[in-house]
Amino acid sequence: MSKKVLLALTLVLALASVALAAEPIKIGYIAHLTGDAATWGVHEQNGALLAVEEINKKGGVLGRPLELIVYDVRGRQEDAVNAARRLVTMDKVVAIGGSNWSGINLATGPIVEQAKVPQIGSFPTNPAVTVDPVTKKVKPYSFRICFTDPYQGRVMAEYLLKKGIKKAAVLKDVGSDYSEGLVQYFIDNFTKGGGTVAGPFAYRTGDVDFRAQITQAKATGVKAVVLPGLYKEMALIIKQCDEMGWNPVFIGGDGYSPAMSEIAGKAMEGTYWVTHIAFDDPVLKPLIEKYTKRFGKPPVEIVSITLGYDAMYALFDAIKRAGKA
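The structure displayed is predicted, hence computed values, not measured ones.

A. Spotlight on the pattern of salt bridges. Under the criterion given, the structure shown has 11 salt bridges. Residue lysine 232 pairs with aspartate 36 through a salt bridge whose shortest N-O separation is 3.1 Å. With lysine 232 in helix 8 (residues 231-243) and aspartate 36 in the loop between strand 1 (25-31) and helix 2 (38-57), the pair connects residues that are 196 residues apart, well separated along the chain. In this structure lysine 232 comes out as partly exposed when scored by relative accessible area, which is 32%. One salt-bridge network, in which partners are shared between bridges, spans Arg74, Arg76, Glu78 and Asp79.

B. Highlighting the sheet that holds strand 9 (residues 249-252). Ordered in space as 7-6-8-9-10, the five strands form an open sheet in which the pairing is parallel. Looking at which strands have only one partner, the edges of the open sheet turn out to be strand 7 (196-203) and strand 10 (272-273). Where strand 9 meets strand 10, two bridges bridge the pair, whose relative direction is parallel. Pairing of glycine 252 across the sheet is with tryptophan 273, part of strand 10. Strands in contact with helix 8 are strand 6 (167-173), strand 7, strand 8 (224-227), strand 9 and strand 10; relative to strand 8, the strand with the most contacts, it is inclined by about 160°.

Conventions we followed
Residues numbered from 1 in each chain as written. Predicted model: local features only at pLDDT ≥ 70, side-chain atom pairs only at ≥ 80, totals over all residues. Heavy atoms only, no water. Salt bridge = Lys/Arg side-chain N within 4 Å of Asp/Glu carboxyl O. Helix = DSSP H or I, 4+ residues; strand = E, 2+ residues; numbered from the N terminus. Buried < 20%, exposed > 50% of the residue type's maximum accessible area, 1.4 Å probe, protein only. Pairing = 2+ DSSP bridges. Contact = heavy atoms within 4.5 Å. Axes fitted to C-alpha atoms, helices over the stretch in contact; angles between N-to-C directions.

The following block contains the structure:
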């Protein structure tokens, strides 16, 4: 090896060492690592971590490595508020990723706005996450990397109408900002297209017996059931409908999870779900392969790893273009 090449290589290694030794840029992440939403939260965290590790291997951003600080908020608004406060006041993060629940991001919104620390949600789809529903003003520090409920509500309505279904029952979670919003956007678009809605028939997160609501919905003579909820309750509804000998067309939003098949079994066949990506899109293959190699098993929640991964790269790009952290 020539002295010039050796000198150049030494300089490159020295610069890399300086970059890695520089003070890290701290990024917070709010995820549901335990509780009912853990299937999403763990995958989302891992997708974000994969992105941060890749960015750091390439030298970080602005000559500094990224440091990911993750808090488990267990699907609880109070835990999310506490985590957001800790991230901005004690950890001194420059931005926060997560979560995938609209209600969580609505709760943390005032914290990040007061601290002027941007938060980018993975899939909190309620429009109120980023736009004040009263003033109609855009919230300057709240962002998302996903589509919104008006979009998926329209997709569900148009799909049923195109299948010739003009009457549908809705079962909704009355304690969920996500469910309440999605229901309204579906109803608005479905009725505008000439459809009629039975219900909504209400339940709450954590309920396990839906036979009363199913009996009421079945009595209306509808051909389809709309489920704007989260995966456990939706899977139980589908399973119990099958057990009661009723098999309407089921359609729902991005509260879907592949884990629903473990609960509802074969009753899941022929159901329809609006989600953020096509699982068989070839563009996802390299990410799935990298995830499998890094964590020792293939991902179950492909949406979660993809949006957690993309959120980190969006922040990376923003910091790079801003020229400062």
